Amino acid sequence: MLYNSTRDNAQSVEAAYAIAHGISKEGGLFVPQTVPTLTKEDFLALKNMSYVERAKYILGLFLTDFSEEELDYCAKGAYLGSFDNDLPAPLKALDDKVNILELWHGPTCAFKDLALQILPYLLTTSSKKVGDGKKTVILVATSGDTGKAALEGFKDVEGTEIMVFYPNDGVSAMQQLQMNTQKGKNVYVCAINGNFDDAQTGVKTIFTNDDIKALLSENNMEFSSANSINWGRLAPQIIYYISSYCDLMDKGEDYLKDGFNVVVPTGNFGNILAAYYARQMGAPIAKLICASNSNNVLSDFLKTGTYNRNRDFYTTISPSMDILISSNLERMLYELTGHNDKQVAAWQDALKNEGEYTVSEDVLAKLKDIFFGGFCSEAETAATIKNVFEEYGYLIDTHTAVAVSVYNDYKQETGDCRPTVIASTASPYKFANSVLEALGQTVPVNEFDAAEKLSTATKTNIPAPIAALKTSEVRFNNVCEKDDMNKVVLNHLGIK
Ligand SMILES: *Cc1c(COP(=O)(O)O)cnc(C)c1O
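None of these values were measured; they are calculated from a predicted model.

A. Highlighting the sheet that holds strand E3 (residues 30-32). Read across the sheet, three strands follow the order E2-E1-E3 without closing on themselves; strand pairing throughout is antiparallel. A strand with exactly one partner marks an edge of an open sheet, and here the two such strands are strand E2 (8-14) and E3. Taken over all neighbouring pairs, the strand axes of this sheet differ in orientation by 40° on average, direction set aside. Relative to E3, strand E1 (residues 2-5) is paired through three bridges, and the arrangement is antiparallel. From the neighbouring strand, Ser5 faces E3, where its bridge partner is Phe30. Here helix H14 (residues 329-336) sits on the sheet in contact with E1, E2 and E3, set at roughly 45° to E3.

This is the structure:
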């Protein structure tokens, strides 16, 4: 299996290269040349496997340059011992049609763990294969959850150094504390005065700056990415959508006779893109429902075909989705244009220079065939948390609530009541203040008091990694200007 860049088809590399480098040198993203498909027999075999075995099987189809032993090492290292009951992606039935895919049973209580527990294994294995012996410097821009999950995945991993940038005032108190208390010898955390898009743009600019790259190289280092622009981040996310289908098969053939829908609370378009690849591989997914918060750039795009980031940016109670530049949409456009690198590059240029682009009628029609886009307000997010808890006794976080709210709109608008999988992307305890408020409770000043109050009010348990923060030492309190990120990076690495 070879990978091309979305902006230059002449770039043709193996998985190990794509993962080790993170991004193509002209700024494009790596995409597999073809998507492997699974037969009915394959799915039946997968149904009887553990998550580790499913992971090995599915990754093996994409990472064909990895040996059986390497895949085994990566999948076991990532998925044994780090998730509650060794079940990384359990499916909980809310009622007979709606199933919640709980993706927050890992060490940082958000779905990012599903990919970031395995990425360090994939990346160090890839670096060995690509074989330049350089130290890998992982730069991360985070809207809150990626940062902690990446720090936890890469802490003390030999041959790596990890630096995380997050928007000051753009993450929840618990998210900030999770990052600033991170242990490990090779970790660094810094807030920026700016929003997530500023952090992401800053990181991408550093990645593609030839002078900085040369400086690193002279010092026997090179950059890579733990953001979902890295294929090594995206491929593991395909596993849990295939896995959810395997688990749904237990309900019998009749249940799935018209396929099922998947709902994803979306920011950078990484998680939903993984669901798209699962669909391409043969999982009988009907509609992909793309749910946004007030930063509704994607739902507008899916309706009109115009992607326009020139709009107000809102800080919401679902901060991990406060994004106006959804990086992975680039991969989707590459797929839907039949791998038209020139066209994709032109749209990305327009996005960079004018802040908008409009896709062709043909691409818009394809998008509408596969996706439904919707968004909900802050009040709707809060009301959904309350309603779901009152109706089902089930507590969801602010991001999952956006997905449920948009799903309800979708059902109302279309009457489609096929079985559905809703990706639940975070534990409610990461956003205890907002969740308490949504339930109509007063919110204590201290975030741990809030977590305890939420626990008492809902008779649910505080996840151990969140409870442990209370006594963890704060190690970082750095803040920088968004234009100084490059200096901060060189400084930290000890390069002048
Ligand atoms: C990152 C994140 C999202 C958005 O996922 P994308 O892959 O960026 O679309 C949604 N919910 C939570 C809790 C997240 O951490």
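Read on for the rest.
B. A look at the site of the ligand. The environment of the ligand is made up of 15 residues, and the closest members are Lys112, Asp145, Gly267, Asn268 and Thr425. Side-chain polar atom of Lys112 to an oxygen atom of the ligand: 2.6 Å apart, as the coordinates give it. The separation between an oxygen atom of the ligand and a polar main-chain atom of Asn271 is 2.9 Å. Protein contacts shield 98% of the accessible area of the ligand, which totals 380 Å² for the unbound molecule. Tallied by class, the residues present in the shell around the ligand amount to five nonpolar, eight polar and two charged.

C. Focus on empty space enclosed by the protein. Taken as a whole and assessed by the stated rule, the structure comprises three cavities of 30 Å³ or more. Considered as a void within the structure, the largest cavity measures approximately 270 Å³ in volume. Taken together, 26 residues make up the lining of the largest cavity; nearest its centre are Phe111, Lys112, Gly267, Asn268 and Ser320. With three residues, helix H12 (residues 270-281) is the largest single contributor of residues to the lining of the largest cavity. The class makeup of the residues in the lining of the largest cavity is nine nonpolar, 14 polar and three charged.

D. Representation of the nonpolar core within the structure. Counting residues in each nonpolar core, the largest one holds 106 residues, and the members touching the most others are Leu63, Tyr79, Ile238, Tyr241, Ile242 and Tyr357. Counting residues per element, this core draws most heavily on helix H11 (residues 231-248), at 11 residues. Sequence-distant contacts of Ile238, defined by excluding residues within four places in its chain, comprise Ile58, Phe62, Trp231, Ala274, Tyr277, Ala278 and Met281. Formed by 39 residues, the second largest nonpolar core is a distinct cluster that contains Ile289, Val388, Tyr429 and Ala451.

E. Summary view of the packing of helix H3 (residues 51-62) against helix H4 (residues 68-79). For the pair H3 and H4, the least separation of the axes is 9 Å and the interaxial angle reads 135°. Considering their axes alone, H3 and H4 lie oblique with respect to each other. For the crossing formed where H3 meets H4, the hand is right-handed. Residues Tyr51, Val52, Ala55, Lys56, Leu59 and Gly60 of H3 pack against Glu68, Leu71, Asp72, Ala75, Lys76 and Tyr79 of H4. The residue inventory of the contact of H3 with H4, partitioned by class, reads seven nonpolar, one polar and four charged.

Quick notes on the rules
- All residue numbers refer to position in the chain's written sequence, counted from 1.
- Residue-level local features of this predicted model are given only where pLDDT is at least 70; pairs of side-chain atoms are given and counted only at 80 or more, and the full residue set underlies all totals for whole chains, interfaces and linings.
- Derived side-chain values reflect all non-hydrogen atoms in the structure, with water molecules and hydrogen atoms excluded from consideration.
- The pairing criterion is simple: DSSP has to find at least two bridges between the two strands.
- Secondary structure follows DSSP: runs of H or I at least 4 residues long count as helices, runs of E at least 2 residues long count as strands, and numbering of each begins at the N terminus.
- Note on definitions: angles span 0 to 180 degrees between N-to-C directions of axes, and those axes are lines fitted to C-alpha atoms, for helices only across the stretch in contact.
- Any two residues whose heavy atoms approach within 4.5 Å are treated as being in contact.
- Residue proximity to a molecule or strand is established when one non-hydrogen atom of the residue lies within 4 Å of it.
- For this analysis, a polar contact is any N or O atom pair within 3.5 Å, provided that within protein one partner can donate a hydrogen and the other can accept it, and provided that sequence-adjacent residues contribute only side-chain to side-chain pairs.
- The accessible surface values rely on the Shrake-Rupley method and a 1.4 Å probe; as for residues, cover is taken only from the protein chains in view.
- Any residue that is not Ala, Val, Leu, Ile, Met, Phe, Trp, Tyr, Cys, Pro, Asp, Glu, Lys or Arg is counted as polar, Gly included; the first ten are nonpolar and the last four charged.
- A pocket here means an open set of points on a 1 Å grid, computed over the protein atoms alone, that has protein on both sides within 12 Å along at least five of seven lines. A cavity is instead a set of points where a 1.4 Å probe fits but cannot get out; residues with an atom within 4 Å of a point line either one.
- Grid points are joined across faces, edges and corners, and a volume is the space filled by probe spheres set on the points.
- As used in this record, nonpolar core signifies buried Ala, Val, Leu, Ile, Met, Phe, Trp, Tyr and Cys residues forming a set joined through side-chain atoms within 4.5 Å.
- Burial classification: accessible surface area is computed with a 1.4 Å probe over protein chains only, and a residue below 20% of its type maximum counts as buried, one above 50% as exposed, and the rest as partly exposed.
- Here the word oblique covers every angle except those under 35 degrees (roughly parallel), over 145 (roughly antiparallel) and from 65 to 115 (roughly perpendicular).
- Take the far helix as your reference; a near helix turned counterclockwise from it by less than a right angle gives a left-handed crossing, and one turned clockwise gives a right-handed crossing.

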